[in-house]
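# Results of the structural survey
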Amino acid sequence: MIYLDNGISVYSGRGYRLDPKRCVRDCINLISHAHFDHVPSSFNSPAIICSDITRSLIEARTGSSIPCGPCSCETVTLHDSGHVPGSSMFLINGDKRILYTGDFNTRKKYFSDGAKPVKADVLIMESTFGREKYVFPPTEEVFGEIKDWIDDNAARGLNSIIYAYSFGKAQEVISALSGYTVYASRSVIEINRTLGKFDLDISAMPLPEDLKGPDVVVAPSGSRNSPEIKKIFKAGAKSASVSGWALDDGHKYAMRVDRAFPLSDHADYSELIGFVEKVSPDLVFTLHGFDKEFARDIRDKLDIEAAPLKKRHLSLSNFTGDV
Ligand SMILES: [Zn+2]
Ligand SMILES: [Zn+2]
């Protein structure tokens, strides 16, 4: 049985919760990565499995401590999901082999060679960009454009402010701009410090009181109205966002930025389809984004049974049988 309830509930010989909202005592709790929409609000269980980086980041970001009873389980293996440092896919070897991707990406990044497909009978996967139009340009090309934009701004005496999630995107941008002096907001610097304990060296300087410039600043978009960022705009700055949604025409205007660059830590449409093909499951459950459309495409293009993951409902048995 696989259905949405307090994260994803799976029963396959024993009970599992995937990215639960709250950890459950009598189940094995699997936490894929340290983005807040995947982090439980309580950790009251002796059986919590995640990578060491994810554990440290969650502890640093939430102030909670994650109890470590059995930190591993003979029926669960972790595989790199290539999404952010420490992110994991989980293969559950119960009555069936069930692969849960969490958020994933198959392209090479500074911390990962990308998620590699693992053979499974059932695949539970994210489908954030599961619509044909979302195919990202090569990452080097995007960073080439970002660097040109920064250089143009600098030539005009302007700072470049890049809005990026504090964890994941910010570090990717900082790593790719190694030839530049990059300043980052406090939340980014704190994540960098935790990653430093795992030999991931992301060097950015804390934002100074008065930025002389022209320089590069990486900050979360929520900091747009903070006194520090306002001050930089006053001194002269252009802004950009980095997101897979930059492929949408309206994104730049919705984000109120001068430029939007299509850089994502999720798989794009063709990578999603290619991944399903290689995992070669009998059944796929899709989650997030274009879940219905992408499940239809899996059925139509790959002839594999697929459906969006739902809360428990009667027709589920049509799909899951003894899963
Ligand atoms: Zn994520
Ligand atoms: Zn997510």
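Residues numbered from 1 in each chain as written. Chains lettered and ligands numbered in written order. Predicted model: local features only at pLDDT ≥ 70, side-chain atom pairs only at ≥ 80, totals over all residues. Heavy atoms only, no water.

## Concerning the coordination of the zinc ion (ligand 2)
Basically, it comes down to this: Only N, O and S atoms count as donors, using a 2.8 Å limit from the metal and a wider 3.2 Å limit for Na, K and Ca, and since water is excluded some coordination spheres may look unfilled. Relative accessible area decides the class of each residue, using a 1.4 Å probe on protein chains only: under 20% of the type maximum gives buried, over 50% gives exposed, and in between gives partly exposed.
The coordination sphere of the zinc ion (ligand 2), as far as protein atoms go, consists of Asp37 (OD), His38 (NE2) and Asp103 (OD), spread over 2.1 to 2.8 Å. Written as a sequence motif, the donor residues of the zinc ion (ligand 2) are D-H-x64-D. For the pair the zinc ion (ligand 2) and the zinc ion (ligand 1), the metal-to-metal distance amounts to 3.5 Å, and aspartate 103 bridges them. The class of histidine 38 is buried, set by a relative accessible area of 3%.

## Observations regarding the domain arrangement of the chain
Basically, it comes down to this: Residue ranges assigned to each domain were obtained from an automatic or database domain assignment. The contact criterion used is simple: two residues touch if any of their non-hydrogen atoms lie within 4.5 Å. What counts as a salt bridge is simple: a side-chain nitrogen of Lys or Arg found within 4 Å of a carboxyl oxygen of Asp or Glu. Pairs of N or O atoms are called polar contacts if they sit within 3.5 Å, as long as, within protein, a hydrogen donor faces a hydrogen acceptor (for residues adjacent in sequence, only side-chain-to-side-chain pairs).
The assigned domain composition of the chain is domain 1 (2-133 + 266-320) and domain 2 (139-261). Inter-centroid distance (C-alpha atoms) of domain 1 to domain 2 is 30 Å. Listed by partner, the interface residues are 18 residues for domain 1 and 17 residues for domain 2. For the pair domain 1 and domain 2, the number of links is two salt bridges. Residues lysine 109 and glutamate 172 are paired through a salt bridge, measuring 2.9 Å at the closest nitrogen-oxygen approach. Connecting domain 1 to domain 2 are three residue pairs in polar contact (both at pLDDT 80 or more).

## Focus on unusual backbone geometry
The cut-off we apply is this: Going along the chain from the N terminus, every DSSP run of H or I of four or more residues is numbered as a helix, and every run of E of two or more is numbered as a strand.
That bond from glycine 213 to proline 214 is cis: its omega, 0°, falls within 30 degrees of zero. Mapped onto the fold, proline 214 is located in the loop between strand E12 (205-206) and strand E13 (216-219). Positive phi, close to 75°, is recorded for histidine 288, a residue that is not glycine. Tracing the backbone through its elements, the reader meets histidine 288 in the loop between strand E16 (283-287) and helix H8 (291-302). On the accessibility criterion, histidine 288 (36% relative accessible area) is partly exposed.

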